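# Examination of the molecular architecture
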Amino acid sequence: DIFPTPVFSASRQEEGLNDVQEIIKTEKAFPERRLRGVLEELSIGCSRFVMLANKDVNQAGRTKLDRERLKSCMREMDSMGQQSKQIRTQVKKNTVRDKLKLVQNFLQKLRFLADEPQHSIPDVFIWMMSNNKRVAYARIPSKDILYSIVDEETGKDCGKVKAVFLKLPGKKGFGPAGWTVQAKLELYLWLGLNKQRKDFLNGLPCGFEEIKAAKMGPGLQSVPPVSLVYNMKQVFQLRAHMYQARSLFAADSSGLSDPFARVFFSTHSQVTEVLSETLCPTWDQLLVFDDVELFGEASELRDDPPIIVVEIYDQDTVGKAEFIGRTFAKPTIKMCDEYYGPPRFPPQLEYYQVYRGNSTAGELLAAFELLQIGQGGRADLPPLEGPTDSERGPILPVPLGIRPVLSRYRIEVLFWGLRDLKRINLAQVDRPRVDIECAGRGVQSVLIQNYKKNPNFSTLVKWFEVDLPENELLHPPLNIRVVDCRAFGRYILVGSHAVSSLRRFIYTTPDKTSNNWATTEEESDKEKRKKKKKKKGGVEEEEETDERVLDWWSKYFASIETLKEVCVFYSMYSYTFIHPLFRFALRLVYNKELESEYGNFEDWLHTFNLYRGKAGDDDEQALDDDRIVGRFKGSLCMYKLPLSEEITREAGFDPNMGMFQNIPHNDPINVLVRVYVVRATDLHPADINGKADPYVVIKLGKSEVKDKENYISKQLNPVFGKSFDIEATFPMESMLTVSVYDWDLVGTDDLIGETKIDLENRFYSKYRATCGISSNYSVHGYNVWRDPMKPSQILMKLCKEGKIDGPHYGPGGKVKVANRIFLGPTEIEDENGLKKQTEEHLALKVLNHWEEIPRVGCKLVPEHVETRPLLNPDKPGIEQGRIEMWVDMFPMDMPAPGPAIDVSPRKPKRYELRVIIWNTDEVILEDDDYFTGEKSSDIFVRGWLKGQQEDKQDTDVHYHSLTGEGNFNWRFVFPFDYLMAEEKIVISKKESMFSWDETEYKIPPRLTLQVWDADHFSLDLNRFPRGAKTAKQCSLDMIRNEQELPTISIFKQKRVKGWWPFVARDENDEMELTGKVEAELHLVTAEEAEKSPVGLGRNEPDPLEKPNRPDTSLMWFLGPLKSLRYFIWHNYRWLILKVLGLILLLLMLGLFLYSIPGYLVKKILGA
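One structure accompanies this document, and this report is about it.

Criteria and thresholds
Throughout, a residue's number is its position along its own chain's written sequence, starting from 1. Side-chain atom pairs in this predicted model are given and counted only at pLDDT of 80 or more, local residue features only at pLDDT of at least 70, and totals for whole chains, interfaces and linings cover all residues. Side-chain calculation: all heavy atoms of the structure are included, whereas hydrogens and water are not. Axes here refer to lines fitted to C-alpha atoms; in helices the fit is confined to the stretch in contact. Angles between the N-to-C directions go from 0 to 180 degrees. Helix and strand labels come from DSSP, where a helix needs a run of H or I of at least four residues and a strand needs a run of E of at least two; each type is numbered from the N terminus. Here roughly perpendicular refers to angles of 65 to 115 degrees, roughly parallel to angles under 35, roughly antiparallel to angles over 145, and oblique to all remaining angles. By definition, turning the near helix anticlockwise from the far helix through less than a right angle yields a left-handed crossing, and turning it clockwise yields a right-handed one. We call two residues in contact when some of their heavy atoms are within 4.5 Å. Only Asp, Glu, Lys and Arg are considered charged, only Ala, Val, Leu, Ile, Met, Phe, Trp, Tyr, Cys and Pro nonpolar, and every remaining residue, Gly among them, polar. Only protein chains enter the accessibility calculation, which uses a 1.4 Å probe. A residue is then buried if its area is under 20% of the maximum for its type, exposed if over 50%, and partly exposed in between. Two strands form a pair only when DSSP identifies at least two bridges running between them. Any pair of N or O atoms that falls within 3.5 Å is considered a polar contact. Within protein, one atom must be able to donate a hydrogen and the other to accept it, and sequence-neighbouring residues count only if both atoms are side-chain atoms. Stacked, tilted and edge-to-face pairs are distinguished by plane angle, under 30 degrees for stacked and over 60 for edge-to-face with tilted covering the rest, among Phe, Tyr and Trp rings (Trp via its six-membered ring) whose centres lie within 6.5 Å. Placement of a charge over a ring requires the Lys NZ or Arg CZ to be within 6 Å of the ring centre, with the centre-to-atom vector within 35 degrees of the ring normal. Each patch is built from salt-bridge-free residues with over 30% relative accessible area, joining like charges within 9 Å and nonpolar side chains (Val, Leu, Ile, Met, Phe, Trp, Tyr) within 5 Å. Only the protein chains shown count as cover for residues, with accessible areas throughout obtained via the Shrake-Rupley method and a probe of 1.4 Å. Salt bridge, as used here: a side-chain nitrogen of Lys or Arg that lies within 4 Å of a carboxyl oxygen of Asp or Glu. Residues belong to a common nonpolar core when they are buried Ala, Val, Leu, Ile, Met, Phe, Trp, Tyr or Cys residues joined through side-chain atoms within 4.5 Å.

## Comments concerning the packing of helix α2 (residues 31-56) against helix α3 (residues 64-90)
Following both chains from N to C, one finds α2 and α3 inclined at 155°, their axes separated by 8 Å at the closest point. Taken together, the axes of α2 and α3 lie roughly antiparallel to each other. Of the two elements, α2 crosses α3, and the hand of that crossing is left-handed. Residues R36, L39, E40, L42, S43, C46, F49, V50, A53, N54 and D56 of α2 form the contact with α3, whose own contacting residues are L70, C73, M74, M77, D78, M80, G81, S84, K85, I87 and R88. Among the residues forming the contact of α2 with α3, the class breakdown is 12 nonpolar, 4 polar and 6 charged.

Below you can see the structure in the form of structure tokens.
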């Protein structure tokens, strides 16, 4: 019996997923229905597999590996079946792409499960021999041709006629040389058990006669026939409509190819014509294969026609043609009794993916039809149009019903400039020109006379008209080629780029109808002030804290997610304290490049990479980067003719600029570039100690700024906090490189990583990426307006450029722009606190909502920090860290901007923490007395700040405490540097004696107190529970319920006194109380500490009193009698009192007994 595998499910699922992808690609209706069908098939297949496997699991002859693997497969398939049912219910039109990815993961898993780890049957090898030499071979896995009576267990190729491609043996079969097919065989293979051999011919096409050999012996009932004679044959004509290919593999050193296609079907093959120097050939050729004989019944052939192999080659003038790639197709079949007409005929052009080895090498647009030739011969077939193009000779074009319906289009090309052109044949490019070609038509740019002086074109817009298919998916690619004009009229190809899809450049008329939008209300300043007044108490302290903490870094931390806890902490104490943080927060901290948020700033100016040289065979994009020889900057606009007159009649329409109205001129412009580098994170270690000593280098054109002297020692997350000003001239100097280098004492500094920013696209973008728009307008302080143009001037300029009505400022804080009304404050405070009337807040409100303006609105770049990956050319594709930064640009012909914002790292403030240990109580007694066995303990307290363990301080020892009580009156003094905003202590120290300089660490402020070297407690100085007033109230709950209890901060309270518990972990890792300490914490700044100094311990100045300790705390030998008296009385106090009471009672009883007889005699005698 055959081991069941999920191969069957995998192949079915693969077919289904290919269908779904094709539906999405060609934008046909209801891809979700097909995906649901695939998932249903998968769930049914999984449950069927589990059912079959249950029967097999305990069969004899199974090894342990077989059984365990089968169980594992069952678990996986069962889980996959359940998941596919669940996903099927979630497939909607808008979720198809996401769910498709999930289902593709299932396919990967199925393929993995289908792969047998331990092959028990050898594979089948087929060799082609020539002169007793092995020329080519094919290896067929035995599992693919295994036979089983259960359909799902049968190999996918068992009992089927299959095309097999032979390849070269040995090392010759690997790499590009082995990709060409040596021969194609059509085989029928069957592999099964001896008892099932009667079924081996069942899968053959019907209509054959067996010719058997003479019987060899008596025992063989069903001997395979020597040969099969087919009397039943069908004659067909194959029509291969080869329209075009796109994005082909570049096979020549020029970065182009000279492609032709070879089509194989059955035993026939034909080739298309060779088109020179293109990656997107439009052959527009019909290849006709006459009298193709196929064997078998007509119905079988109709259901499963043979496959067509199309191979694309690059024609070389010398040597053999070079293989580019291969694709497979199945033709649409028409039998002689069928009607040639819709919906199946004429067939539609389809895209076929071309593969080169395992990687893709382009797409082929073609259609294939297989027409049966009946009794009447070829005359019954649909007629073929004769050659209409006399220039091309006897080449048949693709017929009208199949070739796309063409319309007249105009393609306008914006020629802006060329950038970063590399040398060609060792000579620099000096006089380049750009040639644009699409569907045989094209246009050339003007020649750039001196590329070094000005790489921009003098004539910006040109256009050409071309006939293109109405179906956008069938649009041919547009080729951009850059040539250099050399001496004697020679033109040398510099590089080329193929725009495979023109869809994004199709012009759509803007919607002129705009609604009267509703007004946007905003909370007025008065209301905000009312809210502030509601919060009473501690106002002076809060105001003081505001001034101390709020700076540019406050905005940064209020915006960044990693420091949310800072905001949470502040919000606990005051509404007014946190309010400014959020009010003046940076608009955004992007965790990615700004380009990815704004579509590479290609709103009207696009960048096309120019490629040259032969493409690599690896799938990696990194190799493609080596082929980039420069960039063409420009744009395309494509529209159907004729264009409506409304557009051309608009006021100010310049016919020379076509659709590219209102674009700026491309003359050289001087710009001040201000680069702010905030910090870097997760840098790749560059030194053997696993750290780096990073510093920043900024390069723009020929200007370079090295900040080498300010390197940061031994940091992988350095905070640079630097700004750099560089003057540049666009377009000659427009590529900004920000690099992070590792400083080395000896030898050259190593590059850790760099990031490149194209400033030109940012500068000219409609998103206005020159200087970010902040959320508030302020004329002084850390939140000062950075742009030399005020918000009202920016708004006026945008309205003028967009030809929209406004801005109209009205009473009551209103502004109207294009039928849209905005409300906002109208007062501003200057440095002296005086209020003035201003329109800037209103204008800024409009700028912050500019995307809501009809027709011209878009999201303007806000005040921001962007996070860019650092890459190293020596380690392509691997991120070496990330850098947080932003860039401001100011044209030099405008008013000069103000000074750069101070983003330098905050300097920590010096503090002194004074801790007085007054008393301890209930400290666990661990020592046993030699003489009396008495439990006692010698108590002392040790304290330190986290990160400063080497500077720990100890109290004196309270000897021989018998109750766990200790009296100290001892002062610790801990000086430290503290960053208020980050809530971190800053420690600078050398890592080792060999370190060149100190390393800076930031750690949370935690005070740790420990009693007699064992048990301790630790206080976070920012958030710790208030101490208990008495030792009795101090309990373990103060630690256990720390989250629920109200917390205080020493940085706010300054002075705190109370009792806190010492804790330790017992054997069960549970907390137990091991003592209590009464301490007083007092925080002073360095200046206050200098004015009122204190001594350590009980020393001057400001000495503490000596503790009043009991006599027993003295040693035995200092006062043995006292100690003895204390111990006897302390331990046997109750016993002594009881004994004395008993003696007294006995004495009284004795006296009573002694005196009672005399007393009685007296009474009796009456004396």
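## Some points on the pairing of strand β11 (residues 308-314)
Burial analysis of β11 places 7 of its 7 residues in the buried class, the great majority of the element. The pairing of strand β8 (residues 259-265) with β11 spans 6 bridges and is antiparallel. By the bridge assignment, A261 is partnered in β11 with I312.

## As for the sheet that holds strand β33 (residues 820-823)
Taken in spatial order, the 3 strands of this open sheet run β31-β32-β33, and their pairing is antiparallel. Strands at the two margins of the open sheet, each flanked by one partner only, are β31 (808-810) and β33. Ignoring strand direction, the axes of neighbouring strands in this sheet form an average angle of 25°. Where strand β32 (residues 814-817) and β33 come together, 4 bridges link them in antiparallel fashion. Looking across to β33, one finds that V817 is bridged to R820.

## Considering the side chain of E760
Tracing the chain through its elements places E760 in helix α14 (residues 759-764). A residue is classified by how much of its surface remains accessible, and E760, at 1% relative accessible area, is buried. At a separation of 3.0 Å, a polar atom in the side chain of E760 contacts the side chain of K633. When sequence neighbours within four positions are dropped, the list of residues in contact with E760 reads W416, R419, N456, K633, F730, P731 and S734.

## A closer look at the packing of aromatic side chains
As enumerated under the stated definition, the model contains 40 aromatic pairs in all. Centre to centre, the rings of F415 and F457 are 5.7 Å apart; their planes meet at 65°, and the pair counts as edge-to-face. One end of the pair, F415, is in strand β16 (residues 406-419); the other, F457, is in the loop between β18 (441-444) and β19 (461-469), with 42 residues separating them in the sequence. Members of the aromatic cluster, connected to one another through ring pairs, are F415, F457, F505, F608 and F632. Its guanidinium or amino end placed over the ring of F249, R356 lies 3.8 Å from that ring's centre, counting from NZ or CZ. Across from the ring centre of W463, 3.8 Å away, lies the NZ or CZ of R410, which sits over that ring.

## Let's talk about the packing of α2 against helix α4 (residues 96-114)
At their nearest, the axes of α2 and α4 sit 11 Å apart, and the two run at 30° to each other. With respect to α4, the element α2 is oriented roughly parallel. The crossing of α2 and α4 is left-handed. Here P31, E32, L35, L39 and L42 of α2 lie close against α4, whose contacting residues are V96, K99, L100, V103, F106 and L110. Looking at the contact of α2 with α4, its residues break down into 9 nonpolar, no polar and 2 charged.

## Considerations on a nonpolar patch on the surface
Judged by side-chain polarity, L1142, L1145, L1146, L1149, F1152 and L1153 come together as a nonpolar surface patch covering roughly 630 Å² of accessible area. You can see L1146 is positioned in helix α20 (residues 1120-1165). Overall, L1146 belongs to the exposed group, its relative accessible area being 53%.

## Looking at the pattern of salt bridges
One pass over the full model with this rule turns up 56 salt bridges. The residue E338 makes a salt bridge to R302 at a minimum N-O spacing of 2.7 Å. Taken as a pair, E338 in the loop between β13 (332-334) and β14 (350-356) and R302 in helix α5 (residues 298-303) lie far apart in primary sequence, 36 residues in all. Given a relative accessible area of 22%, E338 falls into the partly exposed group. Judged by relative accessible area, which is 33%, R302 ranks as partly exposed.

## Side note on the nonpolar core
Of all hydrophobic cores here, the largest spans 43 residues; its most connected members are V673, V677, I698, L736, V738 and L759. With near-sequence residues (within four places) excluded, L736 lies in contact with V675, I698, K699, L700, T755, K756, I757, L759 and V887. Of all hydrophobic cores here, the second largest spans 41 residues; its members include W970, Y978, I987 and C1034.

## A word on the sheet that holds strand β39 (residues 927-928)
Taken together, 3 strands build an open sheet; the order of strands is β39-β40-β43 and the sheet is antiparallel. Both outer strands of the open sheet, β39 and β43 (958-961), are each paired with one neighbouring strand and no more. The pairing of β39 with strand β40 (residues 935-939) spans 2 bridges and is antiparallel. Paired with D927 across the bridge in β40 is S936.

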